[in-house]
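In case you want the letters, here they are:
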Amino acid sequence: MRVLLMAACLPLALAHLASYAQKDVVLRGKDVNESALIKALTPERTVRMRSIQVAPSGEKAAVKKASASMLITFETASSELKPEAKKMLDTLGRAMASDKLSSFKFAIEGHADPRGEEQFNMELSQKRAEAVVAYLTENHHIDASRLRPIGKGQTELFNPNQIDAPENRRVTVKTVVE
């Protein structure tokens, strides 16, 4: 009986682990809408069953990774937001102000492709993340204490097979769960 119970629980445990291993999806064009962003940025607590304990007692319940990568692109060697980027950020600002997300903090991660020098790319990605934070605070009145700009440089390529791919020059928004 115990073996049968363990066999029945194994697929649930594997599905739980697989949800953490999923690769981020880059939202593009029409995919960037308030409901998609709210869904991507809302953490989901895992269900705890009576007899199964995933984390040691006293630890917080595990949460689904909540992030959204958006193709907010910039001119080469620039941190100035383009008009199409501002439209996406307007959607993001409305989502962050929604009831579902208004209590969360977010890491705004800027990414760069590896075509420039490593230090330059790190500084550029930080300036890009800061430009997104400035836009959200100035135009959507998102409290700056809810947003933390982080430059990732060229360290986390989304498409390592094509280093100049636009998805490598992206902004990733991650919900910070404390």
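Residues numbered from 1 in each chain as written. Predicted model: local features only at pLDDT ≥ 70, side-chain atom pairs only at ≥ 80, totals over all residues. Heavy atoms only, no water.

Engineer: Sorry, what's going on with the sheet that holds strand β2 (residues 67–70) here?
Structural biologist: Think of a sheet as strands paired side by side through backbone hydrogen bonds, with each pair either parallel or antiparallel. Spatial strand order, β1-β2-β5-β3-β4: 5 strands in an open sheet with mixed pairing. Every other strand in the sheet has two partners, leaving β1 (26–27) and β4 (147–151) as the edge strands with one partner each. Pairing between β1 and β2: 2 bridges, direction parallel. Across the sheet, the residue bridging to L27 is M70, located in β2. Those strands touched by helix α4 (residues 118–140) are β3 (105–110), β4 and β5 (171–176), and its axis lies near 160° from that of β4. (Pairing = 2+ DSSP bridges. Helix = DSSP H or I, 4+ residues; strand = E, 2+ residues; numbered from the N terminus. Contact = heavy atoms within 4.5 Å. Axes fitted to C-alpha atoms, helices over the stretch in contact; angles between N-to-C directions.)

Engineer: Honestly, the environment of E80 in this entry has me stumped. Any pointers?
Structural biologist: On the secondary structure map, E80 appears in the loop between β2 and α3 (83–97). What makes E80 exposed here is its relative accessible area of 61%. On a C-alpha basis, the gap between E80 and K127 in space is 9.0 Å, while along the polypeptide they are 47 residues apart. (Buried < 20%, exposed > 50% of the residue type's maximum accessible area, 1.4 Å probe, protein only.)

Engineer: I tried to follow helix α2 (residues 34–41) on my own but got confused; where do I start?
Structural biologist: Side chains of residues three or four places apart in an α-helix project in the same direction, reflecting 3.6 residues per turn. Every buried residue of α2 is accounted for by L37, I38 and L41. Within α2, the buried residues cover an arc of 100° as seen down the axis, which keeps them to one side. When the buried face of α2 is taken as reference, the exposed residues oriented beyond 90 degrees from it are S35 and K39. Where α2 is buried, its residues contact β1, β2, α3, β3 and β5. (Arc of directions from axis to C-beta.)

Engineer: Looking at this structure, I do not really get the pairing of β3. What am I missing?
Structural biologist: It is a general feature of regular strands that their side chains alternate between the two faces of the sheet. Within β3, 5 of the 6 residues are buried, which leaves the element mostly enclosed by the surrounding structure. When β3 meets β5, the two strands line up antiparallel, connected through 6 bridges. Bridge assignment links I108 to a residue of β5, and that residue is V173. Pairing analysis gives 5 bridges linking β3 to β4, with the strands arranged parallel. By the bridge assignment for β4, F106 is matched with L147.

Engineer: I keep staring at the nonpolar core and nothing clicks. Help me out?
Structural biologist: A general trend in soluble globular proteins is that nonpolar side chains are found buried together. By size, the foremost hydrophobic cluster in this structure holds 29 residues, and its most contacted members are I72, L81, L92, M96 and I108. L81 has contacts with I72, F74, K86, L89, A131, V132 and Y135, leaving out every residue within four places of it along the chain. (Core = buried A, V, L, I, M, F, W, Y, C linked by side-chain atoms within 4.5 Å.)

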